[in-house]
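Structural description and commentary
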Amino acid sequence: MNLLHRRSFHPVIWVIIVLAVVGLVSQLFTSPRNLFTQLLMAGLVIAFIYFIFQRFRPGENGKYKKAVKQSKRKYSRSVAPVKKNTSPNKPAAFKKRRREHNLTVIEGKKNKKKNRASF
C-alpha cells in the first residue's frame, strides 16, 4: 500500500496534466502551425538556458582543467628535453631524470620542551 501511494501524484497534478493534454490536442486540430512554432520556441529557450548554465557552471571538471593548466605552466619551464646519445662506439647511458616534486619543508619546533601542565 505504501509503495502504491508513493508512485501516485497529487490530484491537482493530475488535473494540470489532463488540462495540458487537452489543450495540446485541441490546438493540434485547430492550429497545428501555431502549436509547432510554440513547441519549437519553447524547446529553443530551454536548450539556450541549459547551455548557458552548463557553460558557466564551474563543477569538478572545470577545477581539474584549471589545475592541469596551472601545473603545465609551472613545470614546462624547468623541464629540459633529454638528448639521446647516438654515438655508435659508446653504450647508451641511462640517466634517471629527476622529477621536481611539489614538496616543502616545514620548520618545526624541535628544540622547545613540551609543557606538560598545559595538556
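The text that follows walks through the structure, step by step, so that each part is easy to find. (Residues numbered from 1 in each chain as written. Predicted model: local features only at pLDDT ≥ 70, side-chain atom pairs only at ≥ 80, totals over all residues. Heavy atoms only, no water.)

1. A word on the overall build of the chain
In terms of regular secondary structure, the chain is built from four helices and zero strands. Each helix (α) and strand (β) of the chain, taken in turn from the N terminus, gives the series α-α-α-α. When each of the 119 residues of the chain is scored for burial, the buried share is 2%. Carbon and sulfur atoms make up 63% of the accessible area of the chain, which totals about 13,200 Å². (Helix = DSSP H or I, 4+ residues; strand = E, 2+ residues; numbered from the N terminus. Buried < 20%, exposed > 50% of the residue type's maximum accessible area, 1.4 Å probe, protein only. Areas by Shrake-Rupley, 256 points an atom, 1.4 Å probe, with all protein chains shown as cover.)

2. Some thoughts on the packing of aromatic side chains
Within this structure, the stated rule accounts for one aromatic pair. Ring centres of Y50 and F51 lie 5.5 Å apart, and the angle between their planes is 65°; this geometry places the pair in the edge-to-face category. A residue is classified by how much of its surface remains accessible, and Y50, at 48% relative accessible area, is partly exposed. (Phe/Tyr/Trp six-rings, centres within 6.5 Å; stacked < 30°, edge-to-face > 60°.)

3. Description of a nonpolar patch on the surface
Together, F9, V12, I13, W14, I16, I17, V21, V25 and F29 make up an exposed nonpolar region whose accessible area comes to about 880 Å². Structurally, I16 can be placed in helix α2 (residues 11–30). (Patch = residues over 30% accessible without salt bridge, like charges linked within 9 Å, V, L, I, M, F, W, Y side chains within 5 Å. Salt bridge = Lys/Arg side-chain N within 4 Å of Asp/Glu carboxyl O.)

4. Side note on the packing of α2 against helix α3 (residues 32–56)
Packed helices, taken two at a time, are described by the angle between their axes plus the distance between the axes. At a minimum axis separation of 5 Å, α2 and α3 run at an interaxial angle of 125°. By the criterion of interaxial angle, the relationship of α2 to α3 is oblique. On α3, the residues that touch L24, Q27, L28 and T30 of α2 are P32, N34, L35 and Q38. Of the residues belonging to the contact of α2 with α3, the class tally is four nonpolar, four polar and no charged. (Axes fitted to C-alpha atoms, helices over the stretch in contact; angles between N-to-C directions. Parallel < 35°, antiparallel > 145°, perpendicular 65-115°, else oblique. Contact = heavy atoms within 4.5 Å. Nonpolar A, V, L, I, M, F, W, Y, C, P; charged D, E, K, R; others polar.)

Nothing here speaks to function; it is geometry throughout.
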